[in-house]
Amino acid sequence: MSPLLVLPVTAAILWLVHASMGTVGHQAYRYTRWILFGGLAAAAAVFFSLAVRASRAVPAAWKDDSLAGVFEGMLALEALLVLLALALLEVIHVAVTTTIRAARTRAESQRPAPASSL
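Residues numbered from 1 in each chain as written. Predicted model: local features only at pLDDT ≥ 70, side-chain atom pairs only at ≥ 80, totals over all residues. Heavy atoms only, no water.

**Focus: the nonpolar core**
So, step 1. Counting twelve residues, the largest nonpolar core is built from Leu7, Ala11, Trp15, Ala19, Leu36, Phe37, Leu40, Ala44, Ala79, Val82, Leu83 and Leu86.
So, step 2. Only α1 (3–24), α2 (29–56) and α3 (70–110) provide two or more residues apiece to this core. (Core = buried A, V, L, I, M, F, W, Y, C linked by side-chain atoms within 4.5 Å. Buried < 20%, exposed > 50% of the residue type's maximum accessible area, 1.4 Å probe, protein only. Helix = DSSP H or I, 4+ residues; strand = E, 2+ residues; numbered from the N terminus.)

**A short note on α3**
So, step 1. Taking 1.5 Å as the rise per residue, α3 with 41 residues should run 60 Å; its terminal C-alpha atoms sit 60 Å apart, in good agreement.
So, step 2. Every buried residue of α3 is accounted for by Leu75, Ala76, Glu78, Ala79, Val82, Leu83, Leu86, Glu90, His93 and Thr97.
So, step 3. The elements touched by buried residues of α3 are α1 and α2. (Expected span 1.5 Å × (residues − 1). Contact = heavy atoms within 4.5 Å.)

**Comments concerning the environment of Leu36**
So, step 1. Mapped onto the fold, Leu36 is located in helix α2.
So, step 2. Note on Leu36: relative accessible area 7%, which makes it buried.
So, step 3. When the C-alpha positions of Leu36 and Trp15 are compared, they lie 7.3 Å apart, and in sequence the two are 21 residues distant.

**Things to note about the side chain of His18**
So, step 1. Take His18: it is sitting in helix α1.
So, step 2. On the basis of relative accessible area, His18 is assigned to the buried category, the value being 1%.
So, step 3. Sequence-distant contacts of His18, defined by excluding residues within four places in its chain, comprise Tyr29, Thr32, Arg33 and Glu90.

Put into structure tokens, the structure is as follows:
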């Protein structure tokens, strides 16, 4: 499988696990957010540093014809784009779940209290 497909598919699966944990109210939801988004940011930084290192390793005479570091640069760009897409999904997820919780809370507060039997 191509590395250009593995990164978004893996990130999407991890985000679905993260979102389902948040939906059911699991306590690890906070930690999975940091692991997912921090890991994507770290991956982008590592890919970018590999691209710079690969391009610097090419002799000066070959610089014009070299594609050294291009693949790593593409992976860094892809990691950043996946990070931005998942951040947008996270904002939408948090907005929807907050709206649902607020509506449930408002509906429960408007119910009349049960009469106490004396």
